[in-house]
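Each chain, written out:
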Amino acid sequence: MFLRRTERKKNGKTHHYWNVVENKRLDDGRVVQRHALYLGEINSSQAAAWRKAIEVFDEDAGRARTLALFPEDRCGAVAGDASVVQLRLSEMRLRRPRQWGACWLAGQLWQELQLDRFWADRLPPSRKKTRWDQVLQVLATYRLIAPGSEWRLHRQWFGNSAMVDLLGADFGLAEEHKLYACHDLLLAHKDALFSHLVGRWRDLFNADFDVLLYDLTSTYFEVNASDLPEGSKRRHGYSRDKRPDCPQVVIALVVTPDGLPLAYEVLPGNTADSKTLRMFLSKIERQYGKARRVWVMDRGVPTEAVLAEMRNSAPPVQYLVGTPKGRLNRLEKHLLEKPWQDAREGVKVKLLAEDGELYVFAQSDDRVSKERAMRRRQLKWLWKRLRQIATMEISREELLMKLGAARSRAPAAWRLVEIEVDKVRPSFSFALNRKKLRTTRRREGRYLLRTNLTDNDPAQLWQYYTQLVTVEEAFRNLKGDLAIRPIFHQDETRIEAHIFIAFLAYCMQITLTRRLHALAPGLTARSALEKFAAVQMIEVHLPTTDGREIRLTRYTHPEPELQLLIDRLKLRLPPQPPPRITTAAAKQASPCSEDLLT
């Protein structure tokens, strides 16, 4: 295996991407290259570390000595040796293949976060010896690896996984009623979990909590709102999932710039964003004490009253927030008089101090190119579609429906076009509003930020604001990779517990993501889990010539690229389980035979 670099030009810049590649010889003698691991853009020190790891890995030729067992047709010379077990290899059977690698990796993450200790203290076994902490680990592991319903976990996934082997338990962990009952035990420990995680983030990643990113999302339920009980949090509201027809709940989340979660809250679905910040400010202050923290938020989250409270508190609570474009209209004349300053390469800013706050008008060249390309693509499509509709011979009602569909498909471009529909006939005219287009072009890639950090470097303020994508990425992972919905529960407590379990899975996922990021930014948690999932556990049944049977439970040996990843993560695979000899005759076997098998 070796490192291979590829180049790609984007927006006038050259980007270098790295892959771990191995040569594979084909039957016809040709050699082709197989991409084993995608590393993304890595710096020179990371590249050197990967090269060194690959060299060490390739030099380690024989990692384990294999002791031979004697097949039945080659044991004449050792037939008199009682310490030798003679096998019937022609009758060997392989049974119960099950997924082991990803479950083992999830267990390592669970232990690394010390969640095994945390939950063992708070979820003691029941009178019937049910290990609720292990049931919860199964639920969180399932949500991380192959999310779905608890019914699917019970019927299919648990039996196809090696969780029984890894936890030293039995199928009782996946009994349907236990999976649901476990949900009822969790929410009382939510605040304690938040405090525990803060300590682990400090220990594992030397995390600091000077900058906090705050945002909200929603998740919907395909139920009839009139059938919901009084006081339910499932309510109609502004839907970020484009499903205003469904009741929903709102999820508010606080994370660090590295994506490490600090706290979350489940709110009624009709909660306005602007009514949540005051509650979270007091929650964080109450749980972690007063400290100098910078809250980074998007526009629409804080109100003027809350911002005033943050400025006037003792000590003042620092904030950086995006502002709506209406405020840009008010300040545009003042900003025109200010000179541009270079904050960093490709980013320019104008600064305007007003009423104890600092307004930062920032322009990013990369964002200008991206937003301009998006606007051109949308406007080009809309213009073509309007021309098509204009040639159609349809009724006035159909015309209005098609125009409405075009508007929903390209809403940003629609605002740049003036359309006049005839009040009687099925016809319309359209023209480009050049004044609006000039205004739009002037504001593309530009953002107006508002802060009470009046002494900070503008480049630092811009970096704070761009980190909001981290909390958006957390929401994407919760909704996509961890499949927080559909939520099949009906009871309100279990709905919140379901979100709690998804939060635990996200904590495991972000822990893996941060560890992989230190090796190469291109390695994602999902790609690593898929690599580990290739390791299966299987039961090998070997009959002997004296009527007994040797049973070996074994996980398959990792492929070279996975072994390389295991080494780079500084993980150590556990020893293979010892073999067992079945039937009462096993008592007569010599102790040396067990040594031979191991």
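Reading guide: rules and limits
- Residues numbered from 1 in each chain as written.
- Predicted model: local features only at pLDDT ≥ 70, side-chain atom pairs only at ≥ 80, totals over all residues.
- Heavy atoms only, no water.
- Helix = DSSP H or I, 4+ residues; strand = E, 2+ residues; numbered from the N terminus.
- Buried < 20%, exposed > 50% of the residue type's maximum accessible area, 1.4 Å probe, protein only.
- Contact = heavy atoms within 4.5 Å.
- Areas by Shrake-Rupley, 256 points an atom, 1.4 Å probe, with all protein chains shown as cover.
- Pairing = 2+ DSSP bridges.
- Axes fitted to C-alpha atoms, helices over the stretch in contact; angles between N-to-C directions.
- Salt bridge = Lys/Arg side-chain N within 4 Å of Asp/Glu carboxyl O.
- Arc of directions from axis to C-beta.
- Phe/Tyr/Trp six-rings, centres within 6.5 Å; stacked < 30°, edge-to-face > 60°.
- Lys NZ or Arg CZ within 6 Å of the ring centre and 35° of its normal.
- Core = buried A, V, L, I, M, F, W, Y, C linked by side-chain atoms within 4.5 Å.
- pLDDT = per-residue confidence, 0-100.
- Patch = residues over 30% accessible without salt bridge, like charges linked within 9 Å, V, L, I, M, F, W, Y side chains within 5 Å.
- Lys, Arg positive; Asp, Glu negative; His and termini not counted.
- Charge placed at Lys NZ, Arg CZ, Asp CG, Glu CD.

A. Up close: the overall build of the protein chain. Across its full length, the protein chain carries 21 helices and 20 strands. For the protein chain, the spread of C-alpha atoms along the three principal axes comes to 100 × 65 × 60 Å. Residue burial in the protein chain is summarised as follows: out of 598 residues, 45% are buried. Look at the contacts in the protein chain between residues 6 or more apart in sequence, and 65% of them connect residues 24 or more apart. Approximately 31,400 Å² of the protein chain is accessible, and the part contributed by carbon and sulfur atoms is 49%.

B. View of unusual backbone geometry. The omega torsion of the bond from arginine 485 to proline 486 falls at 10°, within 30 degrees of zero and hence cis. Counting through the fold element by element, proline 486 comes out in the loop between helix H17 (468–479) and helix H18 (492–519). Phi angles above zero are rare outside glycine, and glutamine 114 is one such case at about 55°. Along the polypeptide, glutamine 114 turns up in the loop between helix H2 (101–112) and helix H3 (115–122).

C. Focus on the sheet that holds strand E3 (residues 31–40). Strand order in this open sheet of 3 strands is E1-E2-E3, and the pairing throughout is antiparallel. Both outer strands of the open sheet, strand E1 (2–10) and E3, are each paired with one neighbouring strand and no more. Within this sheet the neighbouring strands show an average axis-to-axis angle of 40°, counted without direction. Two strands pair when backbone bridges link them, and strand E2 (residues 13–25) and E3 are joined in this way by 8 bridges, in the antiparallel orientation. Within the sheet, the bridge partner assigned to arginine 25 lies in E3 and is valine 31. Lying over the sheet, helix H20 (residues 560–568) contacts E2 and E3, oriented at roughly 25° with respect to E3.

D. Representation of the pattern of salt bridges within the structure. According to the stated counting rule, one finds 34 salt bridges in the structure shown. Between arginine 243 and glutamate 222 there is a salt bridge, with the nearest N and O atoms lying 3.5 Å from each other. Here the residue arginine 243 occupies a position in the loop between strand E7 (211–220) and strand E8 (248–255), and glutamate 222 occupies one in the loop between E7 and E8, the gap between them amounting to 21 residues. A relative accessible area of 24% places arginine 243 in the partly exposed class. A salt bridge links aspartate 245 to arginine 243, with the nearest nitrogen and oxygen atoms 2.9 Å apart. Through salt bridges with shared partners, one network takes in Arg96, Arg98, Asp165 and Glu539.

E. Just helix H19 (residues 525–533), in detail. Among the residues of H19, Ala525, Arg526, Ala528, Leu529 and Phe532 are the ones counted as buried. Projected onto a plane normal to the axis of H19, the buried residues spread over an arc of 160° and lie on a single side. Here the buried face of H19 lies against strand E6 (93–99), H2, helix H4 (132–145), H18 and H20.

F. Just the packing of aromatic side chains, in detail. Following the criterion strictly, the structure yields 18 aromatic pairs and no others. Aromatic side chains tryptophan 100 and tryptophan 104 sit 5.7 Å apart centroid to centroid with 10° between the ring planes, which places their arrangement in the stacked category. Tryptophan 104 carries the same exposure label as tryptophan 100, and that label is buried. Centre to centre, the rings of phenylalanine 194 and phenylalanine 503 are 5.7 Å apart; their planes meet at 80°, and the pair counts as edge-to-face. Here the residue phenylalanine 194 occupies a position in helix H8 (residues 190–205), and phenylalanine 503 occupies one in helix H18, the gap between them amounting to 309 residues. Across the pair, phenylalanine 503 and phenylalanine 194 agree in class, each one buried. Put simply, the rings of Trp100, Trp104, Phe532 and Tyr555 pair up and form one aromatic cluster. Over the face of the ring belonging to phenylalanine 221 we find arginine 234, whose NZ or CZ atom lies 5.6 Å from the ring centre. The ring of tryptophan 50 has arginine 568 sitting right over it, with the charged end atom 4.7 Å from the ring centre.

G. Spatial organisation of the nonpolar core. Ranked by internal contacts, the top residues of the largest apolar core, which has 140 residues, are Trp50 and Trp295. The contacts of tryptophan 295, once residues within four sequence positions are left out, are Leu212, Tyr214, Val254, Leu277, Phe280, Leu281, Ile284, Met310, Val317, Gln318, Tyr319 and Leu320. In this structure, Leu386, Leu399, Ala406 and Val417 belong to the second largest nonpolar core, which totals 13 residues.

H. Here's a closer look at the pairing of E2. Relative to E2, E1 is paired through 9 bridges, and the arrangement is antiparallel. In the sheet register, lysine 9 faces E2, and the bridge partner there is threonine 14. Turn length for the E1-E2 hairpin, with the two strands adjacent in sequence and antiparallel, is 2 residues, and the turn residue asparagine 11 shows positive phi of about 55°. Between E2 and E3, which pair antiparallel in sequence order, lie 5 residues; one of them, glycine 29, sits at a positive phi of approximately 95°.

I. Structural context of the environment of arginine 25. As for its placement among the helices and strands, arginine 25 is situated in strand E2. Its relative accessible area of 63% is what places arginine 25 among the exposed residues. Considering only alpha carbons, one finds arginine 25 and tyrosine 359, 334 residues apart in sequence, at a separation of 61 Å. Apart from the residues lying within four places of it in its own chain, the contact partners of arginine 25 are Arg30 and Val31.

J. Representation of the side chain of histidine 183 in the model. Positionally, histidine 183 belongs in helix H7 (residues 176–183). Histidine 183 sits in the buried class, given a relative accessible area of 0%.

K. Highlighting the sheet that holds strand E10 (residues 294–297). Pairing within the open sheet is mixed, and its 9 strands lie in the order E9-E8-E7-E10-E11-E17-E14-E13-E12. Of all strands in the sheet, those with a lone pairing partner are strand E9 (261–268) and strand E12 (341–344), marking the two edges. Pairwise comparison of adjacent strand axes, ignoring direction, gives a mean angle of 25° for this sheet. In this fold helix H12 (residues 365–390) packs onto strand E14 (357–364) and strand E17 (446–451), with an angle of close to 60° to the strand it touches most, E14.

L. Fine view of the environment of aspartate 227. Here aspartate 227 is to be found in the loop between E7 and E8. It is 61 Å that separates the C-alpha atoms of aspartate 227 and proline 543, two residues lying 316 residues apart in sequence.

M. Representation of the confidence of the model for the protein chain. On average, residues of the protein chain carry a pLDDT of 86, and 92% of them reach 70 or more. Note on residues 59–70: pLDDT is under 50 here. Beyond four places in sequence and across chains, it has 16 contacts. Across residues 584–598, where pLDDT falls below 50, the model places 25 contacts with residues more than four positions away in sequence or in other chains.

N. Expanded view of a positive patch on the surface. Taken together, the side chains of Arg299, Lys325, Arg407, Arg415 and Lys436 define a basic patch exposed on the protein surface. As for its placement among the helices and strands, lysine 436 is situated in helix H15 (residues 434–443). When its relative accessible area of 44% is taken as the criterion, lysine 436 is described as partly exposed.

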